[in-house]
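Coordinate inspection notes
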Amino acid sequence: LLQGADSAKKAEYDLMDIGSYDYLSNGRVTVPGVDDVKEFSDTKAAMQIMRMTEDEISQVMRCVSAVLLFGNLKLKASRNNETCTFDPSNDSPGILSRIAKLCGIDARQLESSFLSPKLKVGAQTVKKSQNQGQVKYAVESISKAIYERLFAYLVKKINKAMNENNHSSAINFIGILDIAGFEIFEDNSFEQLCINLTNEKLQQLFNHTLFIKEQEEYIKEGIEWNQIDFGMDLEETIALIEGRPTLSGLIPLLDQACLFPSADDKYYQELCIKEHKKTDIFISPSAINDKFSFGVIHYAGEVLYNAEGWLKKNMDQLNDNVTNLLGGSKIAIYRELFSDAKAVSNRQRTMAIQQQSNFGGARSKNKGMKRTVGALYKEELNKLLTVLNATESNFIRCIIPNHQKRPGFLDKPLIVDQLKCNGVIEGIRIVRKGYPNKVIFSEFRQRYGILCPKIAGSFEANSKIVSEKMLANLDVPNTDFKLGIHKIFFKTGVLGSLEERRDAALSKIIVNCIP
């Protein structure tokens, strides 16, 4: 947008230079081989193909511009640090006016909504001044909410356009799920827990799909094997995070902590340790290493989580004064993005009431708390898995060879980490438990006939009988293979050993042929 928009559009969207936005901390980054102007043109063309009008496209760009400007707002605390104002030294009041114009709302109302929002106390409405930290959090939450809802708005537009073009049943579709791989950083927070839960559940689906496909082929070929659904291997980790009827998971415990007004991140950490200190895959801080809140042993490795700020992230409180303003905007897209402003306000008021009712320390099982970020994430993830389980899944694993974008260079540690984190090594482990190599009888007879030419070259028409005789002649143990109806199923390493023997036989023939 900042590179591709012409001067007229930049003026319309109130855009500045890339280096002027605090949210774009890396400034102007040029990627070799990427033409930003062309990319922006292609993006607009794609939006038009999805039947978005020029006015709708313009409104999307205004949203992006507003989000970028939110990052430039600076605050100045009062002497007692109990209140604050928008800092005039960097023209934050002017920036706020520009944001208000882009959002189609009144600038003064937006300012007062951030600095001294109206709160409902019983039957009365009062204004409560906010300190610098509270306003900063409110600004960042609103900018994040606009961007998040804008993304959902675009997905909805695309799906609507696709459905209108598809005259067949809506049941028939091809979907692409692009998922971030497993994340293990030095500092792992609530976002990493959610992403890693998603990867655990998708890996479970992948393992189960592998099991089903292997099982189908074994049954089809009449092979007997120990049928173990490896998708269940991950069940313990999934239960630890999202909970079960008899187990309070890390996310339900977070919801529980959010019920108490005096609870903090340390309280949540203590809840988790108390509940799971005897769980094998749960890691508690020790005297040797206490620089984390708790850890989880995932399929991709050990992850140490820092629970700082988790309660606030889970509550995800939006300033309902601002959301109500945006819900009544003069610009249509904001009214659509925040059409649930009243519902959000009611939900947050319910949470506040629940906190007050739990002030004495009693546990609450009020169902209103199921709308926390963690609970919503679990709900959306389960909906996704329902769709995936009802479809035929195919998996594509993407590997970055190196971070330098150098051709012909493989960064081995980087590749191994990716293979672990995207489940390839886990998938290989599952396949190796069975008979990963399969060869059709006629192909086996032809390829490895050089090792026992008399048997392979016999007049016997049935290649299965010939293959069985060849395997006996080659001293391949019966435990290393199974004969199906059309194929031979080999244990790991057997085919590799036969290949080595074949190469040696070919080398001997070639040497003998040289005069």
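Going by the structure above, here's the rest.
Computed from a predicted structure; not experimentally measured.

1. Observations concerning the overall build of the protein
- Regarding its fold elements, the protein presents 21 helices and ten strands.
- Relative to a compact globule of 515 residues, whose C-alpha radius of gyration would be 24 Å, the protein shows 30 Å and is clearly more extended.
- Seen along its three principal axes, the alpha-carbon backbone of the protein occupies a region of about 95 × 60 × 50 Å.
- Counting the 515 residues in the protein, one finds 40% classified as buried.
- Where the 66 positive side-chain charges of the protein centre and where its 63 negative ones centre are 3 Å apart.

2. Re the state of the cysteines
- For the coordinates displayed, the defined rule picks out zero disulfides.
- This cysteine, Cys63, is not joined by any disulfide, and Cys103 carries the nearest cysteine sulfur, 7.0 Å off.
- With no disulfide of its own, Cys84 lies closest to Cys103 among cysteine sulfurs, the gap being 19 Å.

3. Details of the pattern of salt bridges
- Applying the stated criterion across every chain, the model contains 18 salt bridges.
- When the shortest N-O distance is used, the salt bridge between Arg98 and Asp14 registers 2.9 Å. Taken as a pair, Arg98 in helix α4 (residues 92-103) and Asp14 in the loop between α1 (7-12) and α2 (36-49) lie far apart in primary sequence, 84 residues in all.
- Owing to a relative accessible area of 23%, Arg98 belongs among the partly exposed residues under this scheme.
- Here Glu140 ties to Lys136 by a salt bridge, and the two come within 2.8 Å at their closest N and O atoms. Of this pair, Glu140 and Lys136 both sit in helix α6 (residues 132-165), four residues apart, which is roughly one turn of the helix.

4. Section: the environment of Glu221
- By the element assignment, Glu221 lies in helix α7 (residues 190-221).
- Considering only alpha carbons, one finds Glu221 and Val466, 245 residues apart in sequence, at a separation of 18 Å.
- For Glu221, the residues in contact, after removing those within four places along its chain, are Gly484, Ile485, His486, Lys487 and Phe489.
- Here Lys487 takes part through its backbone nitrogen, which lies 3.2 Å from a polar atom of the side chain of Glu221.

5. Quick notes on helix α10 (residues 265-276)
- An ideal rise of 1.5 Å per residue puts 16 Å on twelve residues; α10 measures up with 17 Å between its terminal C-alpha atoms.
- Every buried residue of α10 is accounted for by Tyr268, Gln269, Leu271, Cys272 and His276. Buried residues of α10, viewed axially, fall in a sector of 155°; they line one side.
- Of the surrounding elements, those touching the buried residues of α10 are α8 (235-242), α9 (250-258), β5 (282-283), β6 (294-298) and α11 (310-315).

6. A word on the packing of α7 against helix α15 (residues 373-389)
- Where α7 contacts α15, the two axes come as close as 11 Å, and the packing angle between them is 20°. The pairing of α7 with α15 is recorded here as roughly parallel in orientation. Handedness of the crossing formed by α7 with α15: right-handed. Only Val373, Gly374, Tyr377, Leu381, Asn382, Leu385, Leu388 and Asn389 of α15 make contact with α7, whose side of the interface consists of Phe190, Cys194, Ile195, Leu197, Thr198, Lys201, Leu202 and Leu205.
- Of the residues belonging to the contact of α7 with α15, the class tally is eleven nonpolar, four polar and one charged.

7. Things to note about the nonpolar core
- Leu110, Phe114, Ile146, Leu326, Ile333 and Tyr334 are the most contacted members of the largest nonpolar core, which has 49 residues in total.
- Every element with two or more residues in this core is listed here: α2, α3 (54-70), β2 (84-86), α4, α5 (107-115), α6, α12 (320-327) and α13 (332-337).
- For this core, the leading source of residues is α3, giving nine residues.
- Setting aside residues up to four positions removed in sequence, Phe114 forms contacts with Phe70, Phe86, Leu96, Gln130, Val135, Ala138, Val139, Ile142, Asn319 and Val322.

8. Here's the deal with a nonpolar patch on the surface
- A grouping of Leu506, Ile509, Ile510 and Ile514 is seen on the molecular surface, where their side chains present a nonpolar patch of about 360 Å² in accessible area.
- Position of Ile510 among the secondary structure elements: in helix α21 (residues 494-513).

9. Let's talk about the sheet that holds strand β8 (residues 437-440)
- Pairing within the open sheet is antiparallel, and its three strands lie in the order β8-β10-β9. Lying at the two open borders of the sheet, with one neighbouring strand each, are β8 and β9 (481-483). Taken pair by pair, the neighbouring strands of this sheet meet at an average axis angle of 20°, ignoring direction.
- The strands touched by helix α20 (residues 463-473) are β9 and β10 (487-490); relative to β9, the strand with the most contacts, the crossing angle is about 160°.

10. Looking at the packing of aromatic side chains
- Going through the model one piece at a time under the given rule, you end up with 16 aromatic pairs.
- Chaining the aromatic ring pairs together yields one cluster made of Phe190, Tyr268, Phe282, Phe294, Tyr305 and Trp310.
- Cation over ring: Arg397 sits above Phe206, and NZ or CZ is 4.5 Å from the ring centre.
- Between the NZ or CZ atom of Arg406 and the centre of the ring of Phe409, over which it lies, the distance is 4.3 Å.

11. So, the sheet that holds β6
- With antiparallel pairing, three strands are arranged side by side in an open sheet as β5-β6-β7. This sheet does not close on itself; its edge strands, each paired only once, are β5 and β7 (301-305).
- Here β5 pairs with β6 via two bridges, running antiparallel. Looking at the pairing, Phe282 lines up with Val296 of β6.

12. Considerations on unusual backbone geometry
- In this structure, Asn81 takes a positive phi of about 65° despite not being glycine.
- Position of Asn81 among the secondary structure elements: in the loop between β1 (75-77) and β2.
- The residue Lys405 is not glycine, and still its phi comes out positive at about 55°.
- Relative to the elements of secondary structure, Lys405 occurs in the loop between α15 and α16 (412-421).
- With relative accessibility at 63%, the residue Lys405 sits in the exposed group.

What counts, and where the lines are drawn
The numbers attached to residues start from 1 for each chain and follow its sequence in the written order. In keeping with the model being predicted, local features are shown solely for residues with a pLDDT of at least 70 and side-chain atom pairs are shown and tallied solely at 80 or more, while totals for entire chains, interfaces and linings include all residues. Based on all heavy atoms of the structure, the side-chain values leave hydrogens and waters out of the count. Here a strand is any run of E in DSSP of at least two residues, a helix any run of H or I of at least four, and the numbering for each starts at the N terminus. Each radius of gyration reported is based on C-alpha atoms, and the globular scaling rule is 2.2 Å times the count of residues to the power 0.38. Three exposure classes are used, based on accessible area relative to the maximum for each residue type with a 1.4 Å probe and protein chains only: buried under 20%, partly exposed in between, and exposed over 50%. For the purpose of charge, His is not counted, nor are the chain termini; Lys and Arg are scored as positive and Asp and Glu as negative. The location of each charge is read from NZ of Lys, CZ of Arg, CG of Asp or CD of Glu. Disulfide: a pair of cysteine sulfur atoms within 2.5 Å of each other. By convention in these notes, a salt bridge is any Lys or Arg side-chain nitrogen within 4 Å of a carboxyl oxygen on Asp or Glu. Here a residue-residue contact requires only that any non-hydrogen atoms of the pair lie within 4.5 Å. Within 3.5 Å is the distance limit for a polar contact, defined as a pair of N or O atoms, with the added protein rule that one can donate a hydrogen and the other accept it, and that residues adjacent in sequence qualify only through two side-chain atoms. To estimate the expected span of a helix, subtract one from its residue number and multiply by 1.5 Å. Comment: arc refers to directions from the helix axis out to C-beta atoms. A fitted line through C-alpha atoms represents every axis, and for helices the fit uses only the stretch in contact; the resulting angles, taken between N-to-C directions, go from 0 to 180 degrees. Angular relationships are summarised with four words: roughly parallel below 35 degrees, roughly antiparallel beyond 145, roughly perpendicular across 65 to 115, and oblique for the angles in between. In this scheme the crossing of two helices becomes right-handed for a clockwise turn of the near helix relative to the far one and left-handed for an anticlockwise turn of less than a right angle. Each residue gets one of three labels, nonpolar for Ala, Val, Leu, Ile, Met, Phe, Trp, Tyr, Cys and Pro, charged for Asp, Glu, Lys and Arg, and polar for the others, Gly among them. We define a nonpolar core as any set of buried Ala, Val, Leu, Ile, Met, Phe, Trp, Tyr and Cys residues linked to one another through side-chain atoms lying within 4.5 Å. Only residues whose relative accessible area exceeds 30% and that take part in no salt bridge are eligible for patches, with like-charged residues grouped when within 9 Å of each other and nonpolar side chains (Val, Leu, Ile, Met, Phe, Trp, Tyr) grouped when within 5 Å. We get accessible surface area from the Shrake-Rupley algorithm with a probe of 1.4 Å; when it comes to residues, only the shown protein chains can shield them. For two strands to pair, DSSP has to find at least two bridges joining them. Between 30 and 60 degrees the pair is tilted, below 30 it is stacked and above 60 it is edge-to-face, where a pair is any two Phe, Tyr or Trp rings, Trp via its six-membered ring, whose centres lie within 6.5 Å. Charge-over-ring contacts are defined here by two conditions on Lys NZ or Arg CZ: a distance within 6 Å of the ring centre and an angle within 35 degrees of the ring normal.

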